[in-house]
Amino acid sequence: MTDVPPVLGVDDFALRKRCRYATVLIDAQTRRRIDVLPDRSADSLEKWLRAHPGVEVVCRDGSGAYAEAIRRALPQAVQVADRWHLWHNLCQAVVKEVAAHSACWAKATRPQDGPRAQTTQQRWHQVHDLLNQGVGLLECARRLNLALNTVKRYARVGEPERLQRAPQYRPTLVDPYRDHLRTRRAQEPAAPVMTLFHEIKALGYQGSLNLLYRYITQGRVEGDRPPISPRRLSRLILTHPDRLTNKQRQLRDDLVASCPEMIDLGDLVTGSAQLLKPSSGNDSRLDDWIATVTAADLPHLHAFTRGLAQDRDAVNAGLTLPYHNGGTEGVNTKTKRIMRQMHGRASFDLLRHRILLG
């Protein structure tokens, strides 16, 4: 009989992505492989747990199937939500929130007035006009011929400008010479582009004249700061300040300070990061953090907190107990290497055997 550990790690991995999945079980303390199940259903995990009594703690991700199986087979066991998955879900909510407020922090860009921006404003007014008349979301989607999720996204935004996205400019070879170009164009607004090209060429510029033309035409020289994408700004907000350069920290502070909701978002990210270090009082601190989120105008974080409420006991355990699912993720990484070596031609039994052998 398999030696059953008191702390079990459970996670799924793809046998064929988006089609077939399996479940790996390990000892979460010693990282010893215990077993591999041929699917990720609740019934399979429940059957295994009933046949192998002795598990006291189960570390898992946010899977509802695994949670239901553990509740049915081991009602007294402690379920621990993996902290990495909690942070990952928060990061996704932060990216959406930053993108929703791009009209506030992207001051370096010109107002969007193209066909796409006009369509966005028109749809926002159509959706909100119908909602003000008492029409439901599903009926709005039917009348406007839009997807229901699209209507929901328009409905939860208070003003159409918040739906605009900042242009996602990539770094270019011109960026290091932006200060020189800005100074020269301030001194001589009619300076020919060819003249500027030869000047920065002498300073070491290795790009083309066409690239410089586009850079100037996009208005990236006169802007207060080079525009960045919502994802990059999210990365600056989610990164620990000690790991940012002075320039990155200044850029993040300037952009966050341009919008009250972004200030709240930055404070909430800092508060949530402090909860990820397991401590006995983190469950009560999480209550305070959720109350702060509820009071802020951050709808994507509201959705994140609703997800926490649905799995609150496991989240509390994840923030207060030292157990985590890192070992299971490591086994999954090694499993991918094994599957690449086998080129997908071998049977599940052989794959299971190789996983258990480590």
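Located above this text is the structure these notes cover.
If you're wondering where the values come from, they're calculated on a predicted model, not measured in any experiment.

Comments concerning the pattern of salt bridges
Working step 1: In the structure shown here, the tally under the stated rule is 15 salt bridges.
Working step 2: Between Arg-143 and Glu-139 there is a salt bridge, with the nearest N and O atoms lying 3.0 Å from each other. On the criterion of helical spacing, the pair formed by Arg-143 and Glu-139 is a turn pair, its members being four residues apart in helix H6 (residues 137-144).
Working step 3: On the basis of relative accessible area, Arg-143 is assigned to the partly exposed category, the value being 48%.
Working step 4: Here Arg-184 ties to Glu-199 by a salt bridge, and the two come within 2.8 Å at their closest N and O atoms. With Arg-184 in helix H8 (residues 178-187) and Glu-199 in helix H9 (residues 193-202), this residue pair connects regions lying 15 residues apart in the sequence.
Working step 5: One connected set of salt bridges, linked through shared partners, spans Asp-43, Glu-46, Arg-50, Glu-68, Arg-71 and Arg-72.

Quick look at H8
Working step 1: For H8, every residue scored as buried is listed here: Arg-178, Leu-181, Arg-184 and Arg-185. For H8, the angular spread of buried residues about the axis comes to 130 degrees, placing them on one side. Turned more than 90 degrees away from the buried face of H8, the exposed residues are Asp-179, Ala-186 and Gln-187.

Quick look at the pairing of strand E5 (residues 78-81)
Working step 1: Note: strand E4 (residues 57-60) against E5, four bridges, orientation parallel. Of the residues in E5, the one forming a bridge with Val-58 is Gln-79.
Working step 2: The parallel pair E4 and E5, bridged by helix H2 (residues 64-73), forms a crossover whose chirality is right-handed.

Examining the side chain of Asn-282
Working step 1: Mapped onto the elements of the fold, Asn-282 is located in helix H14 (residues 282-295).
Working step 2: Residue classification places Asn-282 among the buried residues on the basis of a relative accessible area of 2%.
Working step 3: Looking at Asn-282, its side chain comes within polar contact range of the main-chain oxygen of Leu-319, at 2.8 Å.
Working step 4: Contacts of Asn-282, omitting those with residues within four sequence positions, involve Leu-275, Lys-277, Leu-319 and Thr-320.

What to know about the environment of Gln-341
Working step 1: Inspection of the secondary structure assignment puts Gln-341 in helix H17 (residues 326-342).
Working step 2: In this structure Gln-341 comes out as partly exposed when scored by relative accessible area, which is 47%.
Working step 3: Each C-alpha atom, one on Gln-341 and one on Thr-150, is 42 Å from the other, the two residues being 191 residues apart in sequence.

Remarks on the sheet that holds strand E3 (residues 33-37)
Working step 1: Spatially, E3-E2-E1-E4-E5 is the arrangement adopted by the five strands of the open sheet, whose pairing is mixed. The sheet terminates laterally at E3 and E5, the two strands that pair on one side only. Mean inter-strand twist for the sheet, computed between neighbouring axes without regard to direction, equals 25 degrees.
Working step 2: With three bridges connecting them, strand E1 (residues 7-16) and E4 associate as parallel partners. Paired with Gly-9 across the strands is Cys-59, a residue of E4.
Working step 3: Here helix H1 (residues 42-51) sits on the sheet and contacts E1, strand E2 (20-27) and E3; the angle it forms with E3, its principal contact strand, is near 140 degrees.
Working step 4: Sheet contacts for helix H18 (residues 348-357): E1, E2 and E3; angle to E3, the most-contacted strand, approximately 165 degrees.

Each value, and the rule that gives it
- Residues numbered from 1 in each chain as written.
- Predicted model: local features only at pLDDT ≥ 70, side-chain atom pairs only at ≥ 80, totals over all residues.
- Heavy atoms only, no water.
- Salt bridge = Lys/Arg side-chain N within 4 Å of Asp/Glu carboxyl O.
- Helix = DSSP H or I, 4+ residues; strand = E, 2+ residues; numbered from the N terminus.
- Buried < 20%, exposed > 50% of the residue type's maximum accessible area, 1.4 Å probe, protein only.
- Arc of directions from axis to C-beta.
- Pairing = 2+ DSSP bridges.
- Right-handed = clockwise from strand over helix to strand, strands pointing away.
- Polar contact = N/O pair within 3.5 Å; in protein donor to acceptor, adjacent residues only side chain to side chain.
- Contact = heavy atoms within 4.5 Å.
- Axes fitted to C-alpha atoms, helices over the stretch in contact; angles between N-to-C directions.

So far we have only geometry, and geometry alone does not tell us how the molecule works.
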